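Geometric and topological summary
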Amino acid sequence: MSALAELGSLGKKSRGGRPNVKRTYKDNRAAMVFLAPWIVGLVAITVGPMLISLYLSFTDYNLIQDPNWIGTDNFTRMMQDDRFWNSLRVTLTYVIVGVPLQLGLALAVAMALDKGLKGLPFYRSVFYLPSLLGSSVAVAILWKQMFGTSGLVNQLLAMVGITGPGWISDPSTALGSIILLHVWTFGSPMIIFLAGLRQIPGMYYEAAAVDGAGRATRFLKITLPLLSPIIFFNLVLQIIGAFQSFTQAFIVSGGTGGPSDSTMFFTLYLYQRGFGQFDMGYASAMAWVLLVIVGVFTAINFYASKFWVFYDD
């Protein structure tokens, strides 16, 4: 009712029978003053650089000389660039393998914490901590040391008589070690899953137990359907974040994407072309290709969601 009353007050007329234009103008002016910092930030930090990047994607620009318009040549060269396709393959592998594993672990831990574990705030903070540190340079350096030839992982394997490989120096295992780092940062989706689990009424599980439903049945028929909006939310966020991953691959590979380009993420190759080879026009074109790819994946998720996401309305 308060909203309707407020809308009605805007339409009130002054004593002369005309709308109170002066008061409406003052309200709008005050709103614009409060919105001004956000609008300036949006234009200067987001929209402006995006438009400039779009222009540069159609130019030959080396950061020193003025941009030279070349049309779609950057995109044409991209289609013939083997390293571009390899970086796309590596990134897709990272997303397709890493995101489901991360969400699966996050859901499993959230369900364990949802059982009324003592010291829940402590465990929740401990499990959330990797999400805050996982994309940092320090953790990436630590991960590189752990999975080195003489790192902690191989030292533990040696204690049981197993000679471990050079995890980050072997092309067959280097990407897997970075995927493992991504899975380890499951804290953020875990917190969201835990909040969603707390919203599922316990009476559903009690009724299912009375009917003889086992744990697996209750999980498949109650937990997953009622938690599907949360799963969808986490899935979209984590896919977008995974496509933008950069720090882990840069630190672990020393900025080379090696060994043998096995950790050459799309963002890392973009960085090499833009700031290593000073081919900023090509890098800008790659950035817009990445935007399109992320948009396509997000659109597919939204379209597919109507077949498996169930809302309580």
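Residues numbered from 1 in each chain as written. Predicted model: local features only at pLDDT ≥ 70, side-chain atom pairs only at ≥ 80, totals over all residues. Heavy atoms only, no water.

Here's the deal with the overall build of the protein chain
Stated precisely, the cut-off is as follows: Helix numbers and strand numbers start at the N terminus; a helix is a DSSP run of H or I with at least 4 residues, a strand a run of E with at least 2. In this description the radius of gyration comes from C-alpha coordinates, and the expected globular size is given by 2.2 Å times residues to the power 0.38. To sort residues, take the accessible area from a 1.4 Å probe on protein chains only and compare it with the maximum for the residue type: under 20% means buried, over 50% means exposed, and anything in between is partly exposed. Note on contacts: a residue pair is in contact if any heavy atoms of the two residues lie within 4.5 Å.
In terms of regular secondary structure, the protein chain is built from 14 helices and two strands. Its C-alpha atoms give the protein chain a radius of gyration of 26 Å, more than 25% over the compact-globule value 20 Å for 313 residues. In terms of principal-axis extent, the alpha carbons of the protein chain reach across some 90 × 75 × 35 Å. For the protein chain, the residues scored as buried account for 36% of the 313 residues in total. Intrachain contacts of the protein chain at a sequence separation of at least 6 include 67% that bridge at least 24 residues.

Here's the deal with the UniProt feature "transmembrane region" (unreviewed entry) in the protein chain
Note the following rule: UniProt positions are given in the numbering used here, feature names are shortened, and annotations may be inferred rather than shown by experiment.
Annotation from UniProt places "transmembrane region" (unreviewed entry) at residues 32-58, 92-113, 125-143, 174-197, 224-243 and 283-304. Across residues 92-113, the secondary structure splits into 100% helix and 0% strand, with the terminal C-alpha atoms separated by 31 Å. Secondary structure across residues 283-304 comprises 100% helix and 0% strand; the distance between its end C-alpha atoms is 31 Å.

A few points about the side chain of Arg218
As a reminder of what qualifies: Charge counting treats Lys and Arg as positive and Asp and Glu as negative, with His and both chain ends excluded. Criterion for a salt bridge: a side-chain nitrogen of Lys or Arg within 4 Å of a carboxyl oxygen of Asp or Glu. Any pair of N or O atoms that falls within 3.5 Å is considered a polar contact. Within protein, one atom must be able to donate a hydrogen and the other to accept it, and sequence-neighbouring residues count only if both atoms are side-chain atoms.
Structurally, the position occupied by Arg218 is in helix α11 (residues 215-243). Although Arg218 is buried, it makes no salt bridge; Asp211 carries the closest opposite charge, 10 Å away. Of the polar contacts made by the side chain of Arg218, one reaches the backbone oxygen of Ala213; its length is 2.8 Å. Leave out the neighbours within four places in its chain, and Arg218 touches Tyr205, Ala208, Ala209, Ala213 and Thr223.

Considerations on the pattern of salt bridges
Scanning the model with the defined rule gives five salt bridges in all. In this structure, Arg273 engages Asp279 in a salt bridge whose closest nitrogen and oxygen atoms are separated by 3.0 Å. Residue class for Arg273 comes out buried when judged on its relative accessible area of 9%. Among the charged side chains, a network of salt bridges with common partners joins Arg77, Asp81, Arg273 and Asp279.

Considering a nonpolar patch on the surface
Rules: Patch rule: a residue counts if its relative accessible area is over 30% and it has no salt bridge; like charges are joined within 9 Å, and nonpolar side chains (Val, Leu, Ile, Met, Phe, Trp, Tyr) within 5 Å. Computed with the Shrake-Rupley method and a 1.4 Å probe, the accessible areas treat only the protein chains shown as cover for residues.
A cluster of nonpolar side chains, contributed by Met32, Leu35, Trp38, Ile39, Leu42, Val43, Val47, Leu51 and Leu54, occupies part of the molecular surface with about 800 Å² of accessible area. With respect to the helices and strands, the residue Leu51 is situated in helix α2 (residues 21-56). We classify Leu51 as exposed; its relative accessible area is 56%.

Considerations on the nonpolar core
This is how the line gets drawn: To qualify as a nonpolar core, a set must consist of buried Ala, Val, Leu, Ile, Met, Phe, Trp, Tyr and Cys residues joined through side-chain atoms within 4.5 Å.
Counting 57 residues, the largest nonpolar core has Phe84, Phe193, Phe265, Phe266 and Met286 as its most contacted members. Listing elements by their share of this core, those giving two or more residues are α4 (82-113), α6 (137-146), α8 (174-184), α9 (187-197), α11, α12 (247-252), α13 (266-276) and α14 (280-308). With twelve residues, the top contributor of residues to this core is α4. Excluding residues within four positions of it along the chain, Phe265 makes contact with Ser87, Val90, Thr91, Tyr94, Leu175, Ile178, Ser245 and Ala249.

Notes on the environment of Ala208
Note on placement: Ala208 falls in helix α10 (residues 202-210). Classification of Ala208 by relative accessible area gives buried; the value is 13%. Sequence separation between Ala208 and Arg218 is ten residues; the distance between their C-alpha atoms is 6.8 Å. With sequence-adjacent residues up to four places away left out, Ala208 is seen in contact with Ala213, Arg218 and Ile222.

Re unusual backbone geometry
With an omega dihedral of 5°, the bond running from Gly258 to Pro259 counts as a cis peptide bond. Its location among the elements puts Pro259 in the loop between α12 and α13. Even without being a glycine, Ser260 presents a positive backbone phi close to 55°. Within the secondary structure, Ser260 sits in the loop between α12 and α13. On the accessibility criterion, Ser260 (65% relative accessible area) is exposed. Phi is positive for Phe278, close to 55°, though the residue is something other than glycine. Mapped onto the elements of the fold, Phe278 is located in the loop between α13 and α14.

Details of the packing of α9 against α11
Condition: Here an axis means a line fitted to C-alpha atoms, over the contact stretch when the element is a helix, while the angle between two N-to-C directions is reported on a 0 to 180 degree scale. Just so you know how the angles are binned, under 35 degrees is roughly parallel, over 145 roughly antiparallel, 65 to 115 roughly perpendicular, and the rest oblique. Helix crossings are classified by the rotation of the near helix relative to the far one: an anticlockwise turn of less than a right angle makes the crossing left-handed, while a clockwise turn makes it right-handed. For this classification, Asp, Glu, Lys and Arg are treated as charged, while Ala, Val, Leu, Ile, Met, Phe, Trp, Tyr, Cys and Pro are nonpolar and the rest, including Gly, are polar.
Axis separation between α9 and α11 bottoms out at 10 Å; the angle between their running directions is 155°. Viewed along their axes, α9 and α11 adopt a mutual orientation that is roughly antiparallel. In this structure, α9 meets α11 at a crossing whose hand is right-handed. Contacts between α9 and α11 involve Pro189, Ile192, Phe193, Gly196 and Leu197 on the former and, on the latter, Thr223, Leu227, Ile230, Ile231, Phe233, Asn234 and Gln238. Grouping the constituent residues of the contact of α9 with α11 by class yields eight nonpolar, four polar and no charged.

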